[in-house]
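# Coordinates in review
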Amino acid sequence: MLIDNISLFLLIVEKGSLAAAAREAGLSPTTVSERLAALEAHYGVVLLNRTTRSISLTEEGRALFDGARTVLSEVEELDSRIRTGATTLSGLIRVSAPEDLGRRVISGAIARFQAEHPLISIDLHLSDGYVDIVGLGIDLAVRFGSISDSSLRVRHVGSRKRILCASPAYLQTHGAPETPAELKDHNCLLMRFGQNIDNSWTFVKGGVKHVVTVSGNLIANDGALVREWALEGRGIALKSEFDSADDIRDGRLVALLPDFEPPGSPLQILFPPSRAQPRRVRVFADHLTKTIRALH
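Residues numbered from 1 in each chain as written. Predicted model: local features only at pLDDT ≥ 70, side-chain atom pairs only at ≥ 80, totals over all residues. Heavy atoms only, no water.

A few words on unusual backbone geometry. A positive phi is found at L257, a non-glycine position, where the angle reads about 50 degrees. Following the sequence through the fold, L257 ends up in the loop between β14 (254-255) and β15 (265-271). (Helix = DSSP H or I, 4+ residues; strand = E, 2+ residues; numbered from the N terminus.)

Shown next as structure tokens:
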């Protein structure tokens, strides 16, 4: 019963309310409230601050939330190994990835993994912005760029080449820049990452860096939307090779400033700062690593 109550507590936190957790679990709100009270009585502490509109974790609740997911995951894996055999993988893996990479690379990797391990379920969260992987209960996240949260465990799996590009229609109307400095005279399509706008673009030629602050009238936190804007001829974009290679090959976009190469951006798999990951997560992370490295 204790494990069941802890699982329900995690569901309450993830769903943001007792009522939402009750609907998800198929329980009455009264039952959920009673089981939360029983859990708090077991530990002798208050786990959640509750108002009529919101909940928030107490310090003790945060400690339980952070530690319980690891413990429950290990219990689930042990149960699975006993029921299905030590070599069989089963259970849910929660994955976060950027929009375009998720659609073009990660989704295919998931299909191949599930074909080999049919008892695995995947919950895929696609977002180009900041994702609280601990708060959302994400098992692993694929992310580009530098990582600001030093508590996360990081596996480096490669890097991405970035390509400056625009549509033929845009270039016919506005011309093509011949140096990075000329980008100041163009409408640049910008990405937002959390509160930060990626408007400082760096290029390298002959070992010399050229940094230019660009601007434009369109900003989004969705890389797929930035790609669509570029295809529509609405500006110049700085896109990952994963996102733009097919468009450039087929002539929908044109690569610009070939003599000035943007620095590569690191690509990592991130894990929550827990003691250990279930075997299914470790095996899936290895599968993703091989998939991504094979692209280079």
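Following the criterion strictly, the structure yields one aromatic pair and no others. Taken together, a centroid distance of 4.9 Å and an interplanar angle of 70 degrees make the contact between F113 and F284 edge-to-face. Here F113, found in helix α5 (residues 99-116), pairs with F284, found in helix α9 (residues 279-293); they are 171 residues apart in sequence, far enough to count as distant. The pair F113 / F284 is uniform in exposure class, with both members buried. (Phe/Tyr/Trp six-rings, centres within 6.5 Å; stacked < 30°, edge-to-face > 60°. Buried < 20%, exposed > 50% of the residue type's maximum accessible area, 1.4 Å probe, protein only.)

Time to look at the side chain of D198. Relative to the helices and strands, D198 is located in the loop between β9 (196-197) and β10 (200-205). Since its relative accessible area comes to 18%, D198 is described here as buried. A polar contact of 3.0 Å, which involves the side chain of D198, links it to the side chain of R162. (Polar contact = N/O pair within 3.5 Å; in protein donor to acceptor, adjacent residues only side chain to side chain.)

Turning our attention to the pairing of strand β4 (residues 120-126). When strand β3 (residues 91-97) meets β4, the two strands line up parallel, connected through seven bridges. Within β4, the residue paired with V95 across the bridge is L124. Traced from β3 through α5 to β4, the parallel crossover comes out right-handed. (Pairing = 2+ DSSP bridges. Right-handed = clockwise from strand over helix to strand, strands pointing away.)

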